[in-house]
Amino acid sequence: MQRYTKSILAVAAAAGLMAVPALASADGTLAMPNLSIADKGDISLDFDARIFDGREENEYYSGTLNYGLGGGYDLLVRFTTAEEVSFFAGNQEFFTGGDDVEVQIRRACALFPGAVLAVGASFPDTPHQDDDETFITASLTYSQNIGEGADFIYGVRTVINEGNELAGFSAGLNADISGNLSLATDVTAIIDGTNVHSMWGGNHEARMLYSAVLQLDVNDSLSLQAGITNMLGATTGMSLSAGAARTNAVVFGGTLRF
């Protein structure tokens, strides 16, 4: 995660939150996964590896545990981990990698059917954040069916810590291709703060994020994924941070449902 800079983003108000039925079956996108609130006692585990090459040669490993709490709530526990490495561009040294752990509580929003609000905290330990820092995290995501087997998905997510904020607005599509194969794509525009240390000039900048992932549903308990992205990991902060060397990562992952 890069050092976040200036401005303040108002987090979505929690007023009007009520227990509502679980959302329709959209699997989401890499930037906006887990679009339905888990039923009480249900457990799923998302996992992936993002392999960057070139100057920024590194591997980021992520996991997300989703547990249904009942009463319209569920719990997310996420982590992203990578070796801390450095590389040179010109006479500048760049540092990447590190760890991030995040815990969030989610609830569906009755005022906007199809919307899910998540609020929590993350605990990064990266070259750009100290391990004693705590960030507030939040997201508001909306899924809308636009045809048979196709969902339009959009939302905002943010991390905040005492004047250091980063927020992005995402839009994406999850669509069936054939049988048990689907395609999920998304783009994220940074609307608050900066998310990468530029290799040209050494300034911080806001860089567009993107992903395209194919998903194969093997059975009711297992899905497999493969694709590309420039997002570093699954936690809110890592998913809002881009690879510094303008390279894509190859993504391999999946979901286990219990």
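The structure contained in this document is the topic of the report that follows. These numbers come from a predicted model, not from an experiment.

Topic: the overall build of the protein chain
Right, on to step 1. Scanning the protein chain for helices and strands turns up one helix and 14 strands.
Right, on to step 2. Relative to its 258 residues, the protein chain shows a buried fraction of 50%.
Right, on to step 3. Sequence separation of 24 or more characterises 57% of the internal contacts of the protein chain that already satisfy a separation of 6 or more.
Right, on to step 4. Surface summary for the protein chain: the accessible area is close to 11,500 Å², and the carbon and sulfur share equals 59%.

Digging into the environment of Val213
Right, on to step 1. By secondary structure assignment, the location of Val213 is in strand E12 (residues 209-219).
Right, on to step 2. Residue classification places Val213 among the buried positions, given a relative accessible area of 5%.
Right, on to step 3. C-alpha of Val213 to C-alpha of Leu224: the two residues are 11 residues apart in sequence and 10.0 Å apart in space.
Right, on to step 4. Those residues in contact with Val213 that lie beyond four places of it in its chain are Leu30, Ser182, Leu183, Ala184, Gln225, Ala226 and Gly227.

Quick look at the nonpolar core
Right, on to step 1. Counting 15 residues, the largest nonpolar core has Leu30, Leu166, Ile190, Leu209, Met231 and Leu240 as its most contacted members.
Right, on to step 2. Elements that contribute at least two residues to this core include exactly strand E7 (150-161) and E12.
Right, on to step 3. The residues touching Ile190, leaving out its near neighbours within four places in the chain, are Leu166, Ala167, Gly168, Asn195, Ala206, Arg207, Leu209 and Leu240.
Right, on to step 4. Counting residues in each nonpolar core, the second largest holds six residues, with Phe52, Tyr60, Leu232 and Met238 among its members.

Side note on unusual backbone geometry
Right, on to step 1. For Asn34, which is not glycine, the phi dihedral falls at a positive 55°.
Right, on to step 2. Counting through the fold element by element, Asn34 comes out in the segment before strand E1 (43-52).
Right, on to step 3. The class for Asn34 is buried, based on a relative accessible area of 13%.

Describing the packing of aromatic side chains
Right, on to step 1. Inspection of every chain in the model, using the stated rule, returns three aromatic pairs.
Right, on to step 2. Each ring, one from Phe52 and one from Tyr60, has its centre 5.7 Å from the other, and the planes form 75°; the classification is edge-to-face.
Right, on to step 3. Judged by its relative accessible area of 0%, Tyr60 falls in the buried class.
Right, on to step 4. Aromatic pair Phe152 and Tyr154: ring centres 5.3 Å apart, planes at 40°, arrangement tilted.
Right, on to step 5. Looking at Phe152, the relative accessible area reads 32%, which means it is partly exposed.
Right, on to step 6. Taken together, the ring pairs in this structure connect Tyr142, Phe152 and Tyr154 into an aromatic cluster.

Conventions and cut-offs
Residues numbered from 1 in each chain as written. Predicted model: local features only at pLDDT ≥ 70, side-chain atom pairs only at ≥ 80, totals over all residues. Heavy atoms only, no water. Helix = DSSP H or I, 4+ residues; strand = E, 2+ residues; numbered from the N terminus. Buried < 20%, exposed > 50% of the residue type's maximum accessible area, 1.4 Å probe, protein only. Contact = heavy atoms within 4.5 Å. Areas by Shrake-Rupley, 256 points an atom, 1.4 Å probe, with all protein chains shown as cover. Core = buried A, V, L, I, M, F, W, Y, C linked by side-chain atoms within 4.5 Å. Phe/Tyr/Trp six-rings, centres within 6.5 Å; stacked < 30°, edge-to-face > 60°.

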